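One letter stands for each residue in the lines below.
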Amino acid sequence: MAAERLEEFEMAYGDGPGRDCFRTGRAVGPVALVSGVRWPRFAEMARAAGFGSVEARPMRLRESTIGAVSLFVRARGVAGSAGGAGVVGARGADADDSAVVQALADVATVGLLRRRRVHDQEELAAQLRRGLESRIVIEQAKGVLAEREGLSADAAFAGMRAYARNRNLRLRDVAVAVVSGGDVGRLGGA
């Protein structure tokens, strides 16, 4: 929860290691969260939450930075923090720690890209579904108008389109009104 609040702070104020990493596309840190660090408000909040250091790694798609992953490390002596070897404290991270953080960023990037792809496919499917539903009701309305007004299907469509355009309405809405028996007047002459 504390790390999420810190990330929300970074997003709201544009200040912090994750934002710097995202803006520059370069790794940040590890940075000890001591007084005088380049993000004083962020560092104060992080220290109050029990963190001693932070580092951020870019999430990349080819040459573009699409995000950043931040690793918050508990300060030594803080309840709930892991102690001992391999823990990033004020001393900083070793090469193995940094490699692990970058590997986490790479895995997060893959997950994010997959989620985006699924979302894009879902959105496309919804758009196609709405388009098909609109096309069906428009075809039904063309048939109703052709029968009711003795027009060809092409003339019925042209009349409906002109009616919608002249009244600043969506063609689908006019078609729904026609199919539901609403009084839209004679559309043959629009």
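Check the entry above for the structure.
This is a predicted model, so every value here is computed, not measured. All residue numbers refer to positions counted from 1 along the written sequence of the respective chain. Local features are withheld for residues below a pLDDT of 70 in this predicted model, meaning they are given only at 70 or higher, and side-chain atom pairs are given and counted only at 80 or more; totals for whole chains, interfaces and linings count all residues. Here the side-chain values reflect all heavy atoms present in the structure, with hydrogen atoms and water set aside.

Could you give an account of helix H5 (residues 153–166), naming the residues involved and the relevant values?
Helical geometry: 3.6 residues make up each α-helical turn, so side chains three or four residues apart lie on a common side. Here a strand is any run of E in DSSP of at least two residues, a helix any run of H or I of at least four, and the numbering for each starts at the N terminus. Expected helix span is computed as 1.5 Å times (number of residues minus one). Compared with the 20 Å implied by 1.5 Å per residue over 14 residues, the 20 Å span of H5 between its first and last C-alpha is a close match. Buried means the residue's accessible area, taken with a 1.4 Å probe over protein chains only, is under 20% of the maximum for its type, while exposed means over 50%, and partly exposed covers the values in between. Burial in H5 covers these residues: Ala156, Phe157, Gly159, Met160, Ala162, Tyr163 and Ala164. Positive phi shows up at Asn168, right after H5, with a value of about 55°.

Please provide a residue-by-residue account of the pattern of salt bridges, values included.
When the charged atoms of two side chains lie near each other, side chains of opposite charge can form a pair. Just to be clear on terms, a salt bridge is a Lys or Arg side-chain nitrogen sitting within 4 Å of an Asp or Glu carboxyl oxygen. Applying the stated rule across the entire model yields nine salt bridges. Close ionic contact of Glu123 with Arg130 constitutes a salt bridge, the shortest N to O distance being 3.6 Å. Judged by relative accessible area, Arg130 falls into the partly exposed class, the value being 45%. Close ionic contact of Arg170 with Asp173 constitutes a salt bridge, the shortest N to O distance being 3.1 Å. Assessed through its relative accessible area of 53%, Arg170 is described here as exposed. The partly exposed category is assigned to Asp173, whose relative accessible area is 35%. Salt bridges linked by common partners bring Asp20, Arg23 and Arg38 together as one network.

Got a sec to walk through the packing of aromatic side chains? Specific residues and values, please.
Each aromatic ring pair is described using two quantities: the centre-to-centre distance and the angle formed by the ring planes. Aromatic contacts are taken between Phe, Tyr and Trp rings whose centres are within 6.5 Å, Trp giving its six-membered ring; a plane angle under 30 degrees counts as stacked, one over 60 as edge-to-face, and the others as tilted. With the rule as written, the count across this model stands at three aromatic pairs. Considering the side-chain rings of Trp39 and Phe42, the 6.3 Å spacing of their centres and the 80° angle between planes classify their relative orientation as edge-to-face. The exposure class of Phe42 is buried, given its relative accessible area of 0%. Relative to Phe72, the ring of Phe51 lies with its centre 5.3 Å away and its plane at 45°, an arrangement referred to as tilted. On the criterion of sequence distance, the pair formed by Phe51 in strand E2 (residues 51–61) and Phe72 in strand E3 (residues 64–74) is long-range, its members being 21 residues apart. With a relative accessible area of 12%, Phe72 lands in the buried category. Across from the ring centre of Phe51, 4.6 Å away, lies the NZ or CZ of Arg74, which sits over that ring. Distance and angle both matter: a charge sits over a ring if NZ of Lys or CZ of Arg is within 6 Å of the ring centre and within 35 degrees of the ring normal.

Mind laying out the sheet that holds strand E1 (residues 28–32), listing which residues take part and the relevant values?
Within a sheet, adjacent strands bond to each other through the backbone by hydrogen bonds, running parallel or antiparallel. Strands qualify as paired when DSSP identifies two bridges or more between them. Within the open sheet, the three strands sit side by side as E1-E2-E3. Their pairing is antiparallel. What marks the edges here is a single partner per strand, and that holds for E1 and E3. Ignoring which end each strand starts from, the neighbouring axes of this sheet average 15° apart. Bridging between E2 and E3 involves ten bridges; their strand directions are antiparallel. Within E3, the residue paired with Arg60 across the bridge is Thr65. Here helix H2 (residues 17–24) sits on the sheet in contact with E1, E2 and E3, set at roughly 155° to E3. For helices, the fitted line uses only the C-alpha atoms of the stretch in contact; every axis is such a line through C-alpha atoms, and the angle between N-to-C directions lies from 0 to 180 degrees. Contacts were defined at the residue level, with two residues in contact if any of their heavy atoms lie within 4.5 Å.

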